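Analysis of the macromolecular model
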Amino acid sequence: MSIVVIGNGMAGSRLVTEIRERDREVPLTVFGAEPEQPYNRILLSNVLAGAAGPEQIGLVDRAWYGRNGVDARHGVEVTAIDRAARVVHASDGTATPYGTLVIATGSRSIVPPIPGTEDGLPEGALAFRTLDDCRAIIGAAEGARRAVVIGGGLLGIEAARGLAGRGLDVTVAHLAGHLMERQLDPGAGEVLARTLRRLGIRARLEAHVTSLRTRDDAGARRVTGVGLAPPDGDVPADLVVLACGVRPETGLARAAGLAVDRGIVVDGALRSVTDPAVRAIGECCQHDGTVYGLVAPAWEQAAVLADLLTGADAGARFTGARQITRLKAAGVDLVAMGETHHGDDDPGVEVMRFADASRGTYKKVVVRGDRVVGAILLGETSTAGTLTRLYDRAAPPPAERLGMLFAGVGGAQAADSPVRMPDLATVCHCNNVSKGQIRACWEKGARSVDEIADATRAGTGCGGCRDTVCGIVEWLGEQAVPS
Ligand SMILES: Cc1cc2nc3c(=O)[nH]c(=O)nc-3n(C[C@H](O)[C@H](O)[C@H](O)COP(=O)(O)OP(=O)(O)OC[C@H]3O[C@@H](n4cnc5c(N)ncnc54)[C@H](O)[C@@H]3O)c2cc1C
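Residues numbered from 1 in each chain as written. Predicted model: local features only at pLDDT ≥ 70, side-chain atom pairs only at ≥ 80, totals over all residues. Heavy atoms only, no water.

**So, helix H1 (residues 10-22)**
What counts, and what does not: Labels follow the DSSP assignment, with helices taken as runs of H or I lasting at least four residues and strands as runs of E lasting at least two, numbered in each case from the N terminus. Helices are assigned an expected span. That span is 1.5 Å times one less than the residue count. Buried means the residue's accessible area, taken with a 1.4 Å probe over protein chains only, is under 20% of the maximum for its type, while exposed means over 50%, and partly exposed covers the values in between. By definition, residues are in contact when any of their heavy atoms lie within 4.5 Å.
In this model, H1 (13 residues) spans 19 Å end to end at C-alpha, consistent with the 18 Å of a helix rising 1.5 Å per residue. Buried within H1 are the following residues: Met10, Ala11, Gly12, Ser13, Arg14, Leu15, Val16, Thr17, Glu18, Ile19 and Arg20. Tucked into the core, H1 has its buried residues touching strand S1 (3-6), strand S2 (28-32), helix H3 (62-67), strand S3 (70-74), strand S7 (100-103) and helix H8 (295-310).

**With respect to the site of the ligand**
Defined as follows: Being near a molecule or strand, for a residue, means having at least one of its heavy atoms within 4 Å of it. Polar contact criterion, stated in full: a pair of N or O atoms within 3.5 Å, where within protein one must be able to donate a hydrogen and the other to accept it, and residues adjacent in sequence count only if both atoms are side-chain atoms. The Shrake-Rupley method, run with a 1.4 Å probe, gives the accessible areas here. Residue values count only the displayed protein chains as cover. The classification used treats Ala, Val, Leu, Ile, Met, Phe, Trp, Tyr, Cys and Pro as nonpolar, Asp, Glu, Lys and Arg as charged, and all other residues, Gly among them, as polar. Residue ranges assigned to the domains are those given by an automatic or database domain assignment.
Of all residues adjacent to the ligand, which total 30 residues, the nearest are Ala11, Glu34, Arg129, Glu283 and Lys328. Contact between the ligand and valine 78: a nitrogen atom at 2.9 Å from a main-chain N or O atom of the residue. Taken by itself the ligand offers 990 Å² of open surface, and the protein chains cover 92% of this. Mapped onto the shell around the ligand, the elements with two or more residues apiece are H1, S2 and helix H5 (154-165). Residues belonging to the shell around the ligand are distributed by class as follows: 14 nonpolar, eight polar and eight charged. Here the shell around the ligand gathers at least three residues from each of two domains, domain 1 (3-106 + 247-310) and domain 2 (125-244).

**Some thoughts on the pattern of salt bridges**
The line we're drawing: Every case where a carboxyl oxygen of Asp or Glu lies within 4 Å of a side-chain nitrogen of Lys or Arg is listed as a salt bridge.
Under the criterion given, the structure shown has 29 salt bridges. Between arginine 41 and glutamate 34 there is a salt bridge whose closest N-O contact spans 2.9 Å. Salt bridges here are not isolated pairs; linked through shared partners, they connect Glu18, Glu21, Arg22, Asp307 and Arg457.

**A short note on the environment of aspartate 333**
Here aspartate 333 shows up in the loop between strand S21 (324-326) and strand S22 (334-338). Ignoring sequence-local partners within four residues, the contact set of aspartate 333 consists of Leu377, Leu378, Gly379 and Thr381.

**Some words on the UniProt feature "domain: BFD-like [2Fe-2S]-binding" (unreviewed entry) in the protein**
This is how it is decided: UniProt positions are given in the numbering used here, feature names are shortened, and annotations may be inferred rather than shown by experiment.
Residues given the UniProt feature "domain: BFD-like [2Fe-2S]-binding" (unreviewed entry) here are residues 427-473. Annotated as 53% helix and 9% strand, the span residues 427-473 places its first and last C-alpha atoms 12 Å apart.

**A word on the pairing of S2**
This is how it is decided: Paired strands, in this sense, are two strands between which DSSP finds at least two bridges.
Counting buried positions along S2 gives five out of five residues, so the element sits mostly inside the fold. Neither face of S2 is exposed, since Leu28, Val30 and Gly32 on one face and Thr29 and Phe31 on the opposite face are all buried. Sheet topology places S1 next to S2; four bridges connect them, and they run parallel. Within S2, the position partnered with valine 4 by the bridge is threonine 29. Bridging between S2 and S3 involves five bridges; their strand directions are parallel. Within the sheet, the bridge partner assigned to phenylalanine 31 lies in S3 and is arginine 73.

**Observations concerning the domain arrangement of the protein**
In terms of domains, the protein is made up of domain 1 (3-106 + 247-310), domain 2 (125-244), domain 3 (333-416) and domain 4 (425-483). On a C-alpha basis, the centroid separation for the pair domain 2 and domain 4 is 37 Å.

**Let's talk about the environment of isoleucine 438**
With respect to the secondary-structure elements, isoleucine 438 resides in helix H11 (residues 435-443). Distance in space between the C-alpha atoms of isoleucine 438 and alanine 458 is 8.2 Å, their sequence separation being 20 residues. Among residues more than four places away in sequence, those in contact with isoleucine 438 are Val427, Val433, Ile452, Ala458, Val469 and Ile472.

**Brief notes about the UniProt feature "domain: FAD/NAD(P)-binding" (unreviewed entry) in the protein**
As annotated in UniProt, the feature "domain: FAD/NAD(P)-binding" (unreviewed entry) corresponds to residues 2-302 in the numbering used here. The span residues 2-302 carries 25% helix and 29% strand; its end-to-end C-alpha distance comes to 17 Å.

**Details of the packing of H11 against helix H12 (residues 449-456)**
Selection rule: Comment: axis = line fitted to C-alpha atoms, over the contacting stretch for helices; angle = value between 0 and 180 degrees taken between N-to-C directions. Roughly parallel refers to an angle under 35 degrees, roughly antiparallel to one over 145, roughly perpendicular to one between 65 and 115, and oblique to any angle outside these ranges. By definition, any crossing whose near helix is turned counterclockwise from its far helix by less than a right angle is left-handed, and any crossing with a clockwise turn is right-handed.
Where H11 contacts H12, the axes come no closer than 10 Å and their chain directions differ by 110 degrees. As judged from the angle between their axes, H11 and H12 are roughly perpendicular. H12 is crossed by H11, and the crossing has right-handed handedness. Two secondary-structure elements touch here, H11 through Gln437, Ile438, Cys441 and Trp442 and H12 through Ile452, Ala455 and Thr456.

**Some remarks on the side chain of glutamine 286**
By the secondary structure assignment, glutamine 286 is in strand S20 (residues 285-287). A polar side-chain atom of glutamine 286 sits 2.8 Å from a polar atom in the side chain of aspartate 261.

**Describing the sheet that holds strand S14 (residues 220-228)**
If you trace the three strands from one edge of the open sheet to the other, you get S13-S14-S15, paired in antiparallel fashion. Only two strands of the sheet have a single partner each, and these edge strands are strand S13 (209-217) and strand S15 (233-236). Across this sheet, the average inter-strand angle for adjacent strands is 40 degrees, counted without regard to direction.

**Let's talk about the pairing of S13**
Look at any regular strand and the pattern is simple: side chains alternate between the two faces of the sheet. Pairing of S13 with S14 involves eight bridges; the strand directions are antiparallel. Residue pairing across strands places valine 209 opposite leucine 228, the latter belonging to S14. Counting the residues between successive antiparallel strands, the hairpin from S13 to S14 contains two residues, one of them, alanine 218, with a positive phi of roughly 50 degrees.

**Some remarks on unusual backbone geometry**
A cis amide bond links proline 230 with the next residue in sequence, proline 231, at an omega value of 10 degrees. Within the secondary structure, proline 231 sits in the loop between S14 and S15. The phi torsion at alanine 218 lies on the positive side, around 50 degrees, for a residue other than glycine. With phi around 55 degrees, asparagine 432 is a residue other than glycine that occupies positive phi space. Assignment of secondary structure puts asparagine 432 in the loop between strand S26 (426-428) and strand S27 (433-434).

**Section: the nonpolar core**
Counted only if it meets this: To form a nonpolar core, buried Ala, Val, Leu, Ile, Met, Phe, Trp, Tyr and Cys residues must be joined to one another through side-chain atoms within 4.5 Å.
One finds Leu163, Leu192, Leu239 and Val469 to be the most contacted residues of the largest nonpolar core, which totals 68 residues. Counting 51 residues, the second-largest nonpolar core is a separate cluster that includes Val4, Ala256, Ala280 and Ile281.

Next comes the structure, spelled out in structure tokens:
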């Protein structure tokens with residue numbers, strides 16, 4: 001049974017390596033429309049901010065495919081799926097037969113229908129999704145003084161912070177009444193806007209973009225600013241970054257007659273509900289009504305599907321994932337999870353909240369039926385480990401509620417420390433690695449964070465857990481030294 005994977009992004013590339021870890025023989029082909037080797041898309045924000053180079057974010061190097069008998073077609077786009085013949089047609093003119101087809105085509109950036117973009121984006125206006133986009137933004141930022149980022153979600157704020165760090169005067173134009181409205185309540189959004197202001201980033205809220213202003217530049221249209229509906233008016237800019245959300249890339253699947261709602265509709269075995277020979281993972285698929293926009297579910301789906309396709313675990317199923325968002329922007333610590341919008345008076349929930357806008361701190365925990373169902377930590381995140389564990393495992397909160405907001409109260413600090421953390425606690429949420437797995441790996445001889453990462457992948461997603469992994473490794477080392 002040959003397997004063909006369409007898309008060599010974060011989900012597709014992980015699936016291919018997971019399959020090879022379980023089965024060295026099954027014929028495997030992967031098509032990737034991007035010319036590069038697979039890379040960690042999450043870390044593009046760090047590349048934009050200058051904290052990492054493109055060469056540091058690779059996931060699977062080209063030589064790996066040859067060594068592992070995988071036919072990798074870099075820079076080749078699949079153009080059609082013929083389900084009756086079980087063949088995919090690609091931009092290199094090939095027709096490749098499959099026994100099982102996996103669609104992992106991710107998402108594409110939404111370019112809203114703003115006047116001035118009908119004939120494509122003018123020079124100096126760029127989306128932010130791929131390494132190519134990132135390189136183009138960095139290039140454009142070099143000659144620019146003022147930037148407007150359209151969209152104040154996670155991506156827009158990370159882009160704005162990166163550009164401000166490069167010395168640009170940055171405005172974020174956001175349609176909603178507060179920043180990151182999907183993850184934050186209005187109070188947190190307000191504190192975040194203040195924090196960004198201190199970092200030189202202005203937020204225009206409830207801002208309706210009415211046009212991209214352009215001028216003729218040697219025959220090309222070049223962006224000069226963004227028109228906003230009254231009372232905002234125009235914001236001049238030499239660079240405009242569009243961070244207006246993403247849409248699942250489902251064109252191929254639709255054209256092939258597969259069931260598509262917002263994403264390609266799959267069951268717990270990641271199988272298309274239309275055709276059992278077709279599976280879908282990552283941002284292009286929809287499971288139980290949900291399309292995920294984070295890497296942890298995509299990687300979990302890849303592991304489940306590898307188990308199923310290789311027969312390593314015929315009973316493996318994807319049952320849904322909890323969503324934890326961590327902002328990667330220098331000077332802004334932010335972690336948000338679950339239901340964060342409840343008000344103090346909402347029936348059925350208990351809300352704990354602390355705000356100190358002058359220090360950029362906002363903390364909120366929502367408990368329902370003796371379970372932590374949501375939390376925001378902004379500006380001070382020392383209880384993030386405790387809260388993510390409580391949220392992740394739907395565990396009862398401590399009797400001393402304050403300990404969830406402030407480390408050191410009610411033993412929270414101790415629970416967050418490597419010593420007290422239970423073995424079952426998830427340390428790396430992107431890769432679903434527990435403290436127990438890190439300990440087991442250490443016991444087999446791994447002694448550094450990099451060796452742990454090579455063996456377990458902990459810390460190789462967003463990188464937010466590397467300090468915790470480091471703490472565990474140090475603590476295990478201290479345990480081993482007789483005093
Ligand atoms: C700047 C940025 C920061 C992010 N930060 C975070 C974060 O902190 N935490 C988090 O969890 N998530 C984050 N994300 C989201 C995360 O990157 C995605 O959830 C993840 O990449 C989804 O993986 P995927 O494989 O489904 O899609 P992708 O990684 O987009 O991969 C899809 C691939 O399929 C290819 N493709 C599409 N169509 C075809 C075709 N017809 N033929 C061949 N190839 C095709 C595409 O070119 C692409 O390479 C961030 C995203 C961005 C852009």
